[in-house]
Structure formats: structure tokens, C-alpha cells
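Commentary on secondary and tertiary structure
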Amino acid sequence: MSQQSVTMADVARAAGVSRTTVSFVLNGRMESSIPETTRERINQAARKLGYRPNAAARTLASKRSSWFGLVTEIATSPFATDVIKGAQQAAWKDGNFLLVAPSDDEPGMDQRAVEKLLEQQVGGLIIATTWHRQITVPDNAKSVPCVLVNCFDADGEFPSIVPDEVGGGYAAAEILAEAGHTNIGHITVAMGIPAQIGRQTGMKQALRDHGIEPDDTKIVPGDGTADSGYHGTQALLSQPDPPTAIFCGNDRIAMGAYDAIKERGLRVGEDISIVGFDDQEILAPHMRPKLTTIALPFEELGMAGVSLLNQMVEGSPIENRQITIGCPPRIRSSVAMHGQR
């Protein structure tokens, strides 16, 4: 008998009980007065026959799906595995399963991805993006509870989980200020996006809190690439009073900054201190010297997204429409105390 063809009736015959009794036991219903020895006999028969519950039938019977859908454009990005890993861990913890549907920038792709998940009778949706930004949520996502991860909608209709960009920028500048640096440069990620605005705001606040007045002439616009890090660092180091430390808007910018510093015969972590942002596994721990950076908490974002979705599915009130997850520092070797060589 194939596993696919094993039914509750087969288990009932093998255990010598009624199909109703089997249904109560295998669906975890404890309110009926079924002896423990009978429950164990039914479970043993189910295991021996290779019985597996029909997910669709259970969904219809309980009116609650144990499947969540994740729509993401990040299936091939370095951060994808962490978001999916965190979401899957949180889903499994509560007995749910995660279905992932990739999307991209093609018009209508998100809506088609959502539709495919809805066809699978998912009980809720998570929409996650590669980088923190505002999105337009497909209309069909409104048919089930939906949480946004690393993104938000303009009207705040959907609850969202986002990284604490301001706190991360604050932590980056604080590392440099506490190392004695007062002349600190900054190369931004793309101007106008939440990451740029938040990280720069946090940096300026940290400098003020440490008695350092931010100097806008030390802020160079970048675009998140290593090239912008290289050219931005060259510009900063060409100033009459060049900075002794640079906060790079992301780790790729820091990689370009390393090249510019070394090209001038200077040493990262000795002559110039560098702090990045993201903590990309393929970059930060492998640069020489290893890069001190601020981690984007992708795994935690995924876990928090599922946790919030569970609350919505269960009908619990949502107090905060937008939840921020902290961005912790990763202290390595690219920052030195100012004046100590």
C-alpha cells in the first residue's frame, strides 16, 4: 500500500477502532474520553502504515491553514537565506509550514506570486524585499492576513517589520567617537532611501551626543557600490583636513574605501578607521583587516514577520503597525583608537 493511498479508514482497521476515534486522535483532539492505550495503538498503526494527514482536508475542517506564504524578490540575494531561515524557524515552531514564491521587478509579478500562494490555501502572507523601502502591495494580498518585511506601504495599511536604520547609524558613529575620532567622514548609500536617511540621521545624533558637531562637508553621496566607496574615499582624503575615520553606508562601499586607502599608502585600522553596514558574510569577515560593521538583522526580521503574522491569524490585536528590529555592531579590526599607532 503506497503512503499516498493510506487513509484514516486503513488506520482504523489496523488499530481495531472506528474511523471517528482515529480522526480524534490523529487531529490531536484531547476532549474525547479515549484511553491512552487506544491513542498509542492508533499512533503506532499510523506510523507503521506510513499515514500522512491531508493538509488541504485539515484546512477545510479546521478553517485555519497551517501554511504561510512568503513572496520575495530576494531568492538569489546574499541575504535571502537569512530571511527565509528566520521565517521558517518561527513557522515550524508554531506548527506551520512556509511556501516561498520568488518575484522580481517585472510589472505584475508580485500579484501573480501572491495568487499562486493563495491557490495553495495559505493562511497568511509575508512580502519581503531586498532593501528597505516603500512598496505597493498587490490588491489580492488583502484577502488574507499580510505582513511586510524590510518594507512598508505608503498608507500604513499593512503591519511591517523593518530594521532600525537610525539606531544602526548611531551605533556606527558611536564606535568611532568612542575610539577618540572627532573628524569623521561618511559615504552614503543611494540618497533619499530609508537606509540613507536613517543611517545619516543616527550618525549625526551620535556625534552630537559625543560633543562633536557634524560637518556636512565630510558627507559624500554614494550609491552603495564599491566604486562609490573608492571615489568617495579619494574625495574625503583629498580635503585639506581629511577625516581620520569613515562611516561607510554599506560593506561594499567599505570595500572600495579599503582600496582607496591602500592605494595612498595608508593602512586601514591604523591610519584610517572604517565602519561599514550590513555585515555581509561574503565580505565583512574576509576583508583585511576584518571589517567592523553594523549587522542588518535579516534572520530576526523573518522571525518577527512570522510571529506578527501568527498574531493576526489568531485575531490578536496589533499594537504597533511598524516594528523596528535592532542592528547590532560587529566589532572586528578596522577601527583603531585615534592617536595610537
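Residues numbered from 1 in each chain as written. Predicted model: local features only at pLDDT ≥ 70, side-chain atom pairs only at ≥ 80, totals over all residues. Heavy atoms only, no water.

1. Observations concerning the pattern of salt bridges
Overall, the coordinates contain 12 salt bridges when judged by the stated rule. Across the salt bridge formed by Arg199 and Glu165, the nearest N and O atoms sit 2.8 Å from each other. Residue Arg199 is located in helix α8 (residues 194-209), and its partner Glu165 is located in helix α7 (residues 165-178); the two are separated by 34 residues in the primary sequence. When sorted by exposure, Arg199 lands in the same class as Glu165, which is buried. Put simply, Arg267 and Asp271 hold a salt bridge, and the shortest N to O gap is 3.1 Å. Note on Arg267: relative accessible area 39%, which makes it partly exposed. One connected set of salt bridges, linked through shared partners, spans Asp139, Lys142 and Glu157. (Salt bridge = Lys/Arg side-chain N within 4 Å of Asp/Glu carboxyl O. Helix = DSSP H or I, 4+ residues; strand = E, 2+ residues; numbered from the N terminus. Buried < 20%, exposed > 50% of the residue type's maximum accessible area, 1.4 Å probe, protein only.)

2. With respect to helix α3 (residues 36-49)
Think of an α-helix as 3.6 residues a turn; residues three or four steps apart then line up on the same face. For α3, spanning 14 residues, the distance from its first C-alpha to its last is 20 Å, which sits close to the expected 20 Å at 1.5 Å a residue. Taken together, the buried positions of α3 are Thr38, Arg39, Ile42, Ala45 and Ala46. Looking straight down α3, one finds that the buried residues subtend no more than 130° of arc, so they occupy a single side. With respect to the buried face of α3, the exposed residues turned more than 90 degrees away are Glu36, Thr37, Arg47 and Lys48. (Expected span 1.5 Å × (residues − 1). Arc of directions from axis to C-beta.)

3. Quick notes on the packing of helix α1 (residues 8-15) against α3
The N-to-C vectors of α1 and α3 enclose an angle of 120°; their axes lie 9 Å apart at closest approach. What the angle tells us is that α1 and α3 run oblique. Read as a crossing pair, α1 and α3 show a hand that is right-handed. Counting all contacts with α1, which are made through Asp10, Val11, Ala14 and Ala15, the residues of α3 involved are Arg41, Ile42, Ala45, Ala46 and Leu49. Classifying every residue of the contact of α1 with α3 by side-chain character gives 7 nonpolar, no polar and 2 charged. (Axes fitted to C-alpha atoms, helices over the stretch in contact; angles between N-to-C directions. Parallel < 35°, antiparallel > 145°, perpendicular 65-115°, else oblique. Left-handed = near helix turned anticlockwise from the far one by under 90°. Contact = heavy atoms within 4.5 Å. Nonpolar A, V, L, I, M, F, W, Y, C, P; charged D, E, K, R; others polar.)

4. Considerations on the packing of aromatic side chains
How two aromatic rings sit relative to each other is given by the distance of their centres and the angle of their planes. Using the criterion set out here, one finds 3 aromatic pairs in the structure. Aromatic side chains Trp92 and Phe97 sit 5.6 Å apart centroid to centroid with 85° between the ring planes, which places their arrangement in the edge-to-face category. Where Phe247 meets Phe277, the ring centres are 6.4 Å apart and the plane angle is 40°; that geometry is what we call tilted. In this pair, Phe247 is assigned in strand β8 (residues 245-248) and Phe277 in the loop between β9 (273-275) and β10 (293-294), connecting sequence segments 30 residues apart. In this structure Phe277 comes out as buried when scored by relative accessible area, which is 0%. (Phe/Tyr/Trp six-rings, centres within 6.5 Å; stacked < 30°, edge-to-face > 60°.)

5. Things to note about the sheet that holds strand β1 (residues 67-72)
Sheets are built from strands paired through backbone hydrogen bonds, the pairs being either parallel or antiparallel. Taking strand neighbours across the sheet as the criterion, the 6 strands line up as β2-β1-β3-β4-β5-β11 in an open arrangement whose pairing is parallel. Strands with a single pairing partner mark the edges of an open sheet, and in this sheet they are β2 (97-102) and β11 (322-325). Here the average twist between neighbouring strands, direction ignored, is 25°. Both β1 and strand β3 (residues 124-135) contribute to a ladder of 5 bridges, which runs parallel. Opposite Thr72, over in β3, you have Ala128 as the bridge partner. Here helix α6 (residues 109-119) sits on the sheet and contacts β1, β2 and β3; the angle it forms with β1, its principal contact strand, is near 165°. (Pairing = 2+ DSSP bridges.)

6. Quick look at the pairing of strand β6 (residues 184-187)
Consecutive side chains of a regular strand alternate in pointing toward one face of the sheet and then the other. Of the two faces of β6, the one holding Ile184 and His186 and the one holding Gly185 and Ile187 are both buried throughout. Bridge count between β6 and β8: 4 bridges; the pairing is parallel. Opposite Ile184, over in β8, you have Ala245 as the bridge partner. Pairing geometry for β6 and strand β7 (residues 219-220), over 2 bridges, is parallel. Within β7, the residue paired with His186 across the bridge is Ile219. In the classification by handedness, the crossover that spans β6, the intervening α8 and the parallel β7 is right-handed. (Right-handed = clockwise from strand over helix to strand, strands pointing away.)

7. Details of the sheet that holds β9
Ordered by their spatial adjacency, 4 strands build an open sheet running β7-β6-β8-β9, and the pairing between neighbours is parallel. Both edges of this open sheet fall to β7 and β9, since each of them pairs with a single strand only. Seen against the sheet, helix α9 (residues 226-237) touches β6, β7 and β8 and runs at an angle of roughly 150° to β6.

8. Digging into the confidence of the model for the protein
Mean pLDDT over the protein works out to 89, with 90% of the residues at or above the 70 mark. A low-confidence stretch, residues 59-63 (pLDDT under 50), is modelled with 3 contacts involving residues beyond four sequence positions or located in other chains. (pLDDT = per-residue confidence, 0-100.)

9. Focus on unusual backbone geometry
Cis geometry is adopted by the peptide bond preceding Pro289, which originates at Arg288 and carries an omega value of 0°. Among the structural elements, Pro289 can be located in the loop between β9 and β10. Of note, the phi angle at Asp278 is positive, near 125°, even though the residue is not glycine. One can find Asp278 in the loop between β9 and β10. At Asp279, a residue that is not glycine, the phi angle is positive and equals roughly 60°. You can see Asp279 is positioned in the loop between β9 and β10.

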